[in-house]
Structure formats: structure tokens, C-alpha cells
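# Summary of the model geometry
Spelled out, the chains give:
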Amino acid sequence: MPDTPTIDRDQLKCAEHFGTAGPVTALTENTIARWRKQHPDWKAKHWGYSEPDHQGARMLQPINVVSRTKN
């Protein structure tokens, strides 16, 4: 499984505004436990939607948030 996607705080704020990201408190315990196993680098604080796949579908996924964008 690839590394957990990372966004910065400004991206999180925008995504939360549009309902495409949020805190883990919106998720079930089963989802959180599964993601912790699948993504050991996940900080277990936020979720978001993936980029669209080849059919335009987005999937719920764990995300990490940093104070500024990584270079």
C-alpha cells in the first residue's frame, strides 16, 4: 500500500468547507482500525477523498495534514 496522502492545512480547510475531508470522529471504529493496519504512517486524525480514478470515482481514504506543503 502506498504512503498515506499528505495535504497542508490550507488544503484541509478548503476540503472541509466542501465536505471532502474531515476529522476521524466522523468515521466508524472499524474504518479507523482497518486504515491503521493498512497505513502505518497515518496519524489517525483526518480523512479525505482520493483523486478521481479512470471512471471519475473518488474513494474515502486516510490523509495526513502538515503545517506546510512538503517540497
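What counts, and at which threshold
- Note that residues are indexed from 1 along each chain, following the sequence as it is written.
- Since the coordinates come from a predicted model, pLDDT governs what is reported: local features require at least 70, and pairs of side-chain atoms require 80 or more to be given and counted, while whole-chain, interface and lining totals use all residues.
- Side-chain metrics rest on all non-hydrogen atoms present in the structure, leaving aside hydrogens and water.
- Helix numbering and strand numbering both begin at the N terminus, where a helix is a DSSP run of H or I of at least 4 residues and a strand a DSSP run of E of at least 2.
- Here the globule rule is a power law, 2.2 Å times the number of residues to the power 0.38, and the radius of gyration is based on C-alpha atoms.
- Burial here depends on accessible area, computed with a 1.4 Å probe over protein chains only, as a share of the maximum for the residue type. Under 20% is buried, over 50% is exposed, and the range in between is partly exposed.
- By definition in these notes, contact holds between two residues if any of their heavy atoms fall within 4.5 Å.
- Methods summary: accessible areas were calculated by the Shrake-Rupley approach with a probe of 1.4 Å, and residue burial reflects only the protein chains presented.
- In this tally, Asp and Glu contribute negative charge and Lys and Arg positive charge; neither His nor the terminal groups of the chain are included.
- Positions of charges follow a simple convention, taking NZ of Lys, CZ of Arg, CG of Asp or CD of Glu.
- Two N or O atoms count as a polar contact when they lie within 3.5 Å, although within protein this holds only if one can serve as hydrogen donor and the other as acceptor, and sequence-adjacent residues are included solely when both atoms are side-chain atoms.
- In short, DSSP must find at least two bridges between two strands for them to pair.
- All axes are obtained by fitting lines to C-alpha atoms, using only the stretch in contact for helices, and the reported angles, taken between N-to-C directions, cover 0 to 180 degrees.

## A few points about the overall build of the chain
- The number of helices and strands found in the chain is 2 helices and 4 strands.
- Beginning at the N terminus, the succession of helices and strands in the chain can be written as β-α-β-α-β-β.
- Taking 2.2 N^0.38 as the reference for a compact globule, 71 residues should give roughly 11 Å; the C-alpha atoms of the chain span a radius of gyration of 12 Å, in line with that estimate.
- A principal-axis box enclosing the C-alpha atoms of the chain has dimensions of 30 × 30 × 25 Å.
- Considering the chain as a whole, with its 71 residues, one finds that 35% of them fall into the buried category.
- For the chain, the proportion of contacts with a sequence separation of at least 24, taken over those separated by at least 6, is 47%.
- Put simply, the chain shows about 5,300 Å² of open surface, and 51% of that area lies on carbon and sulfur atoms.
- Across the chain, 10 positive and 8 negative side-chain charges occur, with their mean positions spaced 6 Å apart.

## Thoughts on the environment of Thr6
- Secondary-structure assignment places Thr6 in strand S1 (residues 6-8).
- A residue is classified by how much of its surface remains accessible, and Thr6, at 33% relative accessible area, is partly exposed.
- Distance in space between the C-alpha atoms of Thr6 and Ile63 is 5.6 Å, their sequence separation being 57 residues.
- A polar contact of 3.5 Å, which involves the side chain of Thr6, links it to the backbone oxygen of Thr4.

## Considerations on the sheet that holds strand S3 (residues 46-49)
- What the 4 strands build is an open sheet, ordered S1-S4-S3-S2; its pairing is mixed. Strand pairing shows two members of the sheet lacking a second neighbour, S1 and strand S2 (21-23), which therefore form its edges. Direction aside, the axes of adjacent strands within the sheet are offset by 40° on average.
- Its contacts with the sheet place helix H1 (residues 9-17) against S1, S2, S3 and strand S4 (60-66), and it is angled at close to 90° to S1.

Limitation: the analysis is restricted to geometry and does not speak to function.
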